[in-house]
Amino acid sequence: MPRKTILSSDNLPDDDVRRTEDDIPVRLNIPENAEDDDSALRPKLIADMVGQREVYERILISIDAAKKRREPLGHILFDGPPGLGKTTFATCIPHELGTSCQIASGATLKAPKDLIPYLTNAEERSVLFIDEIHRMQKAVEEFLYPAMEDFRIDLVIGEGSGARTLNMQLRPFTIIGATTRAGLLSAPLRDRFTMREHLDFYPVSDLQEIVLRNAAKLRVALAPDAAAEIAGRSRGTPRIANNRLRWVRDYAVSRAGGNITLEVARRAMEMQEIDVLGMDRQDRKYLQVIATVFHGGPVGVEAVAHTMNVAPDTLIDEVEPFLLRSELIIRSPRGRKLTLKAIEFLSEYRK
């Protein structure tokens, strides 16, 4: 079972708990050099992660089996929307294996020579994490195939008729890939990953626990109902929840003496124009334009974009995914159309 850190005085030593005027327990045993960034808030072990329990169980079984066989872990591909924990899983796995980790970005791997240092420097049973792996160039991808299958690379020495191929054996290692667009990966590359894990959005209960834990790391007094409020407006995404938490913390420090109560959290969200569904001003404007200008749709996204004076790609990539998932709009062959849920929300919001 995963170890859980619960923000409660019932399971914390007295020296580690301070209570605020609102009787809110706050963990104090945070290292003095803890930084306010994503790496400081990111768990170091898989057991410390919240949510994605099915993925968690399968990864732990593979890690345990690899350690018992004294073999490298099979290659793993994580896919899913941004901010759901792909990088966290990838950086926690080397800690579980007790090995080193190299980190590369697919966007920077433009030629095979850019990949060679990572492969030749990889220690036995170590991990090479390639973020946004779908952005690798085709030549780099093909160069990676023998490295993933046979732990070797083929180097061409010389040019023209005097060129020769040198086969270099590599130490067995694990590649972990992360992508937000798995459909852009070629089938041969996808097939070389022995495990493929899709990360989905988090329920509010998991996000609430994440917010409580990270509030302790940030040394801020946070009421449980305020954590639930922040979690409910975070679109099911831990990264967004952390960003919301930082904003609410800043608001509390500036306007409320540093303590985050439910009322403080609500005022902070209202000031940032984040509503109870987690939508921001641009999301609501999108719905309002379709409702008022195009009478609820259907309407093409280009027409909506021109009316809002934004690029169509911005709406397609940033606005519409959440609205579709929240059942506020539908896509049809004739264009976008508001659902009854969206019409009811706009009616209540105007009040």
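This text goes with the structure placed above it.
Residues numbered from 1 in each chain as written. Predicted model: local features only at pLDDT ≥ 70, side-chain atom pairs only at ≥ 80, totals over all residues. Heavy atoms only, no water.

## Notes on the nonpolar core
By size, the foremost hydrophobic cluster in this structure holds 50 residues, and its most contacted members are Ile 46, Ile 59, Phe 78, Ile 93 and Leu 222. Ignoring anything within four residues of it in the chain, the contact list for Ile 59 reads Ile 46, Ile 76, Phe 78, Ile 93, Met 195 and Glu 197. (Core = buried A, V, L, I, M, F, W, Y, C linked by side-chain atoms within 4.5 Å. Buried < 20%, exposed > 50% of the residue type's maximum accessible area, 1.4 Å probe, protein only. Contact = heavy atoms within 4.5 Å.)

## Structural notes on the pattern of salt bridges
A full pass over the atoms with the stated rule returns 18 salt bridges. Between Arg 249 and Asp 250 there is a salt bridge; the shortest N-O distance is 3.5 Å. Taking the relative accessible area as the measure of exposure, Arg 249 reaches 15% and is therefore buried. On the accessibility criterion, Asp 250 (40% relative accessible area) is partly exposed. Here the salt bridges do not stand alone but share partners, grouping Glu 229, Arg 233 and Arg 266 into one network. (Salt bridge = Lys/Arg side-chain N within 4 Å of Asp/Glu carboxyl O.)

## Here we look at the packing of aromatic side chains
Considering all chains together, one arrives at three aromatic pairs under this definition. Considering the side-chain rings of Phe 78 and Phe 89, the 5.3 Å spacing of their centres and the 20 degrees angle between planes classify their relative orientation as stacked. Remark: Phe 89 occurs in helix H3 (residues 86-97) and Phe 78 occurs in strand E3 (residues 76-79); sequence separation between them is 11 residues. Side by side, Phe 78 and Phe 89 carry an identical accessibility label, which is buried. Taking 5.8 Å as the distance between ring centres and 65 degrees as the angle between the ring planes, the aromatic pair formed by Phe 151 and Phe 173 counts as edge-to-face. In this pair, Phe 151 is assigned in the loop between helix H5 (138-150) and strand E6 (152-157) and Phe 173 in the loop between strand E7 (164-169) and strand E8 (174-179), connecting sequence segments 22 residues apart. Residue Phe 151 shares its accessibility class with Phe 173, and that shared class is buried. Here the basic side chain of Arg 192 rests over the ring of Tyr 145, its NZ or CZ set 4.0 Å away from the ring centre. Over the face of the ring belonging to Phe 201 we find Arg 325, whose NZ or CZ atom lies 3.4 Å from the ring centre. (Phe/Tyr/Trp six-rings, centres within 6.5 Å; stacked < 30°, edge-to-face > 60°. Helix = DSSP H or I, 4+ residues; strand = E, 2+ residues; numbered from the N terminus. Lys NZ or Arg CZ within 6 Å of the ring centre and 35° of its normal.)

## Points about the environment of Arg 190
Structurally, Arg 190 is set in helix H6 (residues 187-191). Arg 190 gets classed as partly exposed once you look at its relative accessible area, which sits at 23%. For the pair Arg 190 and Ile 76, spaced 114 residues apart in sequence, the C-alpha to C-alpha distance is 9.7 Å. With near-sequence residues (within four places) excluded, Arg 190 lies in contact with Ala 182, Gly 183, Leu 185 and Arg 196. Within polar-contact distance, the side chain of Arg 190 engages the backbone oxygen of Leu 185 at 2.5 Å. (Polar contact = N/O pair within 3.5 Å; in protein donor to acceptor, adjacent residues only side chain to side chain.)

## Looking at the packing of helix H12 (residues 301-308) against helix H13 (residues 312-325)
At their nearest, the axes of H12 and H13 sit 8 Å apart, and the two run at 100 degrees to each other. Considering the angle they form, H12 stands roughly perpendicular to H13. Across from Val 301, Glu 302, Val 304, Ala 305 and Met 308 in H12, the residues of H13 making contact are Pro 312, Leu 315, Ile 316 and Glu 320. Here the contact of H12 with H13 is built from residues that sort into seven nonpolar, no polar and two charged. (Axes fitted to C-alpha atoms, helices over the stretch in contact; angles between N-to-C directions. Parallel < 35°, antiparallel > 145°, perpendicular 65-115°, else oblique. Nonpolar A, V, L, I, M, F, W, Y, C, P; charged D, E, K, R; others polar.)

## Things to note about helix H7 (residues 204-217)
A rise of 1.5 Å per residue sets the reference length of H7, with its 14 residues, at 20 Å; its end C-alpha atoms lie 20 Å apart and thus fit the reference within 8%. Taken across its 14 residues, H7 has 10 buried, putting it largely inside the fold. Among all positions in H7, only Asp 206, Leu 207, Glu 209, Ile 210, Val 211, Leu 212, Arg 213, Asn 214, Ala 215 and Ala 216 are buried. Directly beyond the C-terminal end of H7, a positive phi value near 60 degrees is found at Arg 219. (Expected span 1.5 Å × (residues − 1).)

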